[in-house]
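The chain contents come next:
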Protein chains: 2
Amino acid sequence: MIFEKNSSKYYFHYPFPVGIVGVISSGKVNFMSAAWHTQISFAPPLYGVLISPKRYTNQLIQKSKMFSVNFLKYEDYKIAGYVGRTSGKEIDKVKLFNLKYSQGKILEVPVLENAIACYECKVVDERTYGDHILYIGEIVGIHYDENFYKDNLSRELLLYHGNDRYTFATTDSIKFGKEEVQNEIKNITSEKK
Amino acid sequence: MIFEKNSSKYYFHYPFPVGIVGVISSGKVNFMSAAWHTQISFAPPLYGVLISPKRYTNQLIQKSKMFSVNFLKYEDYKIAGYVGRTSGKEIDKVKLFNLKYSQGKILEVPVLENAIACYECKVVDERTYGDHILYIGEIVGIHYDENFYKDNLSRELLLYHGNDRYTFATTDSIKFGKEEVQNEIKNITSEKK
């Protein structure tokens, strides 16, 4: 194991799902890629995303106080690159990259047509930590394409690998829940006797 | 696309990396699995984890004000199940599951021997959101096993698929960064002329 005290690289938790954050404000629509996001709470349902204050998306969220988080399938990795490596300050991403979207069902947020799932989020808190702002959004509606979620498992979700690389999970998966753990505990306990 | 207004299921952002949160407090060592965590800031380096206040880990962090986040390789999925589906209130997970760990280099946190990477984190903020507490940790040291990070990309990181299922990313990955995006923009622009 290598140890680093002051590393400026933190790619060890990748691959991580790509969240495409969408905002509408004063008629402007913008999307950006986020690799820093997480579920926050079940009840109420909250989702958190980290946005740099330098981002155009941040200007828009400051006005709209709402956003969407869109999840893509692997084959749409280019969309993540398009909206992640350009700025809405300079170009109209939706127009240039011909991104199709619909309005949210509950909020005025853009639901990306290519998304396999989308959370409509209303900002309930925001807080600056270091060089990013954490936006806590209450999920007030969820869109998903049932073709990509079999038995509640997505099979093709786009993952960000760091270093501008994209990947996805294998189709292999293994179940190891409470029942399996309890069985193993029984085995361990009986071995020790 | 299916739309749900009040869904209690939020598995659409999975598969998500598994973070094994480790704490030492008053001589007690405990690990738990977390599927809700994210990088928060580069400078200073901050990492956030969500912990239910009901969790034993929460009691320990409240005292120690520090924690480790350990990342596993896929073949160690059982460890995630072991520490995720049992409670340190009832059993000594380290003893029962024979978990090996060392002390952090900077903080009094446990570094799991099976981890392919580990962040040593000092709590700099905590905040309750809904049914979970967000702990913001400053990363003061990083451990990683160079064998699992080639060209800064991990190949076998354990991912949680939801529903007690585990998976990992394929070895396929594709690069699509600023240069590739700029080239596509040139093509798009020249086509439109």
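Here's what I pulled together on the structure shown here. (Residues numbered from 1 in each chain as written. Chains lettered and ligands numbered in written order. Predicted model: local features only at pLDDT ≥ 70, side-chain atom pairs only at ≥ 80, totals over all residues. Heavy atoms only, no water.)

1. Here we look at unusual backbone geometry
Step number 1: In this structure, A:Pro44 follows A:Ala43 across a cis peptide bond, with omega equal to -5°.
Step number 2: Here the amide bond leading from B:Tyr14 into B:Pro15 is cis, since omega sits at 5°, within 30 degrees of zero.
Step number 3: Looking at the secondary structure, you find B:Pro15 in the loop between strand S1 (2-4) and strand S2 (16-17).
Step number 4: In this structure, A:Asn98 is a non-glycine residue whose phi angle is positive, near 55°.
Step number 5: Along the chain, A:Asn98 turns up in the loop between helix H3 (93-96) and strand S8 (101-103). (Helix = DSSP H or I, 4+ residues; strand = E, 2+ residues; numbered from the N terminus.)

2. Describing empty space enclosed by the protein
Step number 1: Counting across every chain of the model gives 2 cavities of 30 Å³ or more.
Step number 2: Quantified by volume, the largest cavity comes out at close to 40 Å³.
Step number 3: For the lining of the largest cavity, the secondary-structure elements that each account for two or more residues are strand S4 (28-34) and helix H1 (56-64) of chain A.
Step number 4: Its residues assigned to classes, the lining of the largest cavity shows 2 nonpolar, 5 polar and 2 charged.
Step number 5: By volume, the second largest cavity is sized at about 30 Å³.
Step number 6: Along its surface, the second largest cavity is lined by B:Asn30, B:Met32, B:Arg55, B:Tyr56, B:Thr57, B:Thr86, B:Ser87, B:Gly88 and B:Lys93.
Step number 7: Looking at the lining of the second largest cavity, the elements that each hand over two or more residues are strand S4 (28-34) and helix H1 (56-64) of chain B.
Step number 8: Considered class by class, the residues forming the lining of the second largest cavity number 2 nonpolar, 5 polar and 2 charged. (1 Å grid on protein atoms, 1.4 Å probe; cavity = no way out; pocket = protein on both sides within 12 Å on 5 of 7 lines; lining within 4 Å. Points joined across faces, edges and corners; volume = space filled by probe spheres on them. Nonpolar A, V, L, I, M, F, W, Y, C, P; charged D, E, K, R; others polar.)

3. Digging into the interface of chain B and chain A
Interface extent is often summarised as the accessible area lost during association of the parts.
Step number 1: In this complex, chain B contributes 93 residues to the contact, which on the side of chain A involves 93 residues.
Step number 2: Counting each side, the surface lost to burial between chain B and chain A is near 9100 Å², with a carbon and sulfur contribution of 63%.
Step number 3: If you look at where chain B meets chain A, you find 45 residue pairs in polar contact (both at pLDDT 80 or more).
Step number 4: Looking at which element gives the most residues to the side of chain B that touches chain A, the answer is strand S11 (residues 132-144) of chain B, with 9 residues.
Step number 5: Class assignment of the residues belonging to the side of chain B that touches chain A gives a composition of 49 nonpolar, 22 polar and 22 charged.
Step number 6: By the bridge criterion, 3 bridges tie strand S1 (residues 2-4) of chain A to S11(B) in an arrangement that is antiparallel. Among the inter-strand pairings, A:Glu4 is bridged to a residue of S11(B), identified as B:Ile142. (Contact = heavy atoms within 4.5 Å. Buried area = accessible area lost by both parts, 1.4 Å probe. Polar contact = N/O pair within 3.5 Å; in protein donor to acceptor, adjacent residues only side chain to side chain. Pairing = 2+ DSSP bridges.)

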